[in-house]
Structure formats: structure tokens, C-alpha cells
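For reference, the chains in residue letters:
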Amino acid sequence: MGEGLNAVDWAALRHNYGSAENVPDLLRRCAGPDPDDAVDAAFDLLNQLFHQGGWICSAAPAALPSLWRLAASPAVPLPSRRVVLELVWRLAAEAGQVAERFLDPGWQSAWEQALPKVLVLLTDPAPGIRRDTAHLLAVCDSPGELVLPALVRSWQAEVDPATRLDVVLALGRAVGREPAGPQATEVLELLRGLLDAAEAQTRLAAVHALAPAAPNLPLQRVDLLLEAVRDPSVEVWRHTSSVDAGVKGVHHWTAALFTGPSPPSPSACWRTIPTTTRGSAHWPRRAGCWRSGVR
């Protein structure tokens, strides 16, 4: 874990709480033998390097090589690895959204160097790491041409149900980032084909993946959406990294698809549900559930 740490003038760098001179110790603790201390250190890094977002601090690009090494190491406790990956995906997502003046000049180069190593994590033995990596590739701003080949290979090889859903969502996000590359057409055909997949939640994921480029699709496939959110298999989303929510959370997330100029009214959607399922554990009781989205 000491590789490269001593070459950085951490005291000259900043994070959300001031000088970054404490960062090397936190990074070393993440790889330490005590699992509880390792995850505590990872959460401290998440707080100090990201906190509530709004900027990419100067310590973030300096820490990034150590962060992906921690995430990739099977010797690091899994909970610590996953918190580290959460930090990376939060930073990567924020870097694509903040104004240039809030983005440390070293971030883009550091991210471009880290990306090939990040892609390898799609083949990690731990499903949780593969899920987190798929979500990272969904929310980062790297063009599709750089990430779609690895995501397609992941889809072809993946057997874990929750991870497959994360990969579908990542494919949908990545194919919309130009330049999308030569596999864009193949990916769009794959996603359209998944609208008729055997698994209800795969069909639901496909609608979410395609909706940004096809805003009328949710209304055209509302029966598919209703069937999926009512199916007991909806519980699988609780284990995904992209949604990480229970049944009601999935309802809210799916309801947020209907945000066009003339979205269907809650009562119209309500009338499509058989009376025997209204108010069941697989459908929100209040029409207001169609009006907000949750992670």
C-alpha cells in the first residue's frame, strides 16, 4: 500500500476538511488486518475526499491510484473495498457534473489512467465488486467507446442476477455518451431485445436503460412496467448498486420515468392494476408514489 504514497506532498493538497496529510494513513488502514478499522478508514476517506460533493479536491486525483488498488485487492476486506469503490464512483460522477473551476486539473488525467484498471474489476470474483464497477461505469463521463466493449463482455459472462441488472443499466448510460464507438448499434439492439427477456426485472431494466433516448417508451410499455414492479422478483433490486432500494423504492424510481410534458396520471396507471393487487406488498398504496424518485 506504500507504493507511490511517499512520492506525494500530501500536506500541500486539500480535501473537504483542510490539509490532506492524513490521507496516506487512511489509505494504509483500509488495507489493514482489522476489518472494522479498515471500513472505518474507508468511510473517513469517503467523507473527507467527497463529503457532499460540489467539487473535486486536489487530494482526489492523488489518491485515485491507491483507491483502485485497494478496490482490486482480494486481501482488503470486502466491506472496505466496496466503500472505496463507492468513493470512486461518487467522485467520477461528480467530476462529470461540476463546473470546470471546481474540478481539480489533475483529475481527468488520473481518471484516464485508472479506467483500464477499473474495467478489469468487472471480472472480480466478488459479485458486489462487479456491481459497484458496473454502476461506476454508468455514472462516469468516459465516452461509450471506452467502456462498452468491457460491459458487453460482462453481460455475456455474468450470471449473478443483481449484477446483470446493473450491467444493463450501465450499457444504457454508456451508449448515450459520445463517441459511443462501433459497438453502439449492437448494444442498442441488445437492449431492445431485452424488452422481451424472460425475466421481468431484466425487462424493467431494459426500459430504464433505453428511456433516456426513447422518452415515449415507458408509456408504450407501461404494462411491462406494471408487471415487473408487481412481481415478487422485484426484491432483487435491493441487491443492486444502481438502485439499492426495496420494493417501494423501485416503484418510485420507475414512476420517475413518466416525467414528460404529458405524463400519465396516477389514476390512469392505477386503473390498469387488477383490484386484487391494489394495496398489496408489491404496489404503493398512495398515488403520490408516482411523483418522486429515490436512489
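The structure this text deals with has already been given above.
Owing to the predicted nature of the structure, the values given are computational and were not obtained by experimental measurement.

Q: Please explain the pattern of salt bridges as it appears in this structure.
A: Any two side chains of opposite charge can pair if their charged atoms end up close together. The full count for this structure, using the stated rule, is nine salt bridges. For the salt bridge of D37 with R29, the shortest nitrogen-to-oxygen distance reads 2.8 Å. You can call R29 partly exposed: its relative accessible area is 24%. Notably, a salt bridge pairs D160 with R131, separated by 3.1 Å at the nearest N-O pair. One end of the pair, D160, is in the loop between α7 (144-157) and α8 (161-174); the other, R131, is in helix α6 (residues 127-139), with 29 residues separating them in the sequence. R131 sits in the buried class, given a relative accessible area of 12%.

Q: What should I look at first to understand a negative patch on the surface in this one?
A: A grouping of D34, D36, D40 and D44 is seen on the molecular surface, where their side chains present a negatively charged patch. You can see D36 is positioned in helix α2 (residues 35-49).

Q: Looking at this structure, I do not really get the nonpolar core. What am I missing?
A: One broad trend across soluble globular proteins is that nonpolar side chains are buried collectively. Counting 100 residues, the largest nonpolar core has L45, L49, L67, W107, W111, L171 and W237 as the members making the most contacts within it. The element that contributes the greatest number of residues to this core is helix α4 (residues 78-95), accounting for ten residues. Once you skip the residues sitting within four places of it in the chain, L171 turns out to touch L148, L151, V152, W155, V187, L190 and L191.

Criteria and thresholds
Residues numbered from 1 in each chain as written. Predicted model: local features only at pLDDT ≥ 70, side-chain atom pairs only at ≥ 80, totals over all residues. Heavy atoms only, no water. Salt bridge = Lys/Arg side-chain N within 4 Å of Asp/Glu carboxyl O. Buried < 20%, exposed > 50% of the residue type's maximum accessible area, 1.4 Å probe, protein only. Helix = DSSP H or I, 4+ residues; strand = E, 2+ residues; numbered from the N terminus. Patch = residues over 30% accessible without salt bridge, like charges linked within 9 Å, V, L, I, M, F, W, Y side chains within 5 Å. Areas by Shrake-Rupley, 256 points an atom, 1.4 Å probe, with all protein chains shown as cover. Lys, Arg positive; Asp, Glu negative; His and termini not counted. Charge placed at Lys NZ, Arg CZ, Asp CG, Glu CD. Core = buried A, V, L, I, M, F, W, Y, C linked by side-chain atoms within 4.5 Å. Contact = heavy atoms within 4.5 Å.

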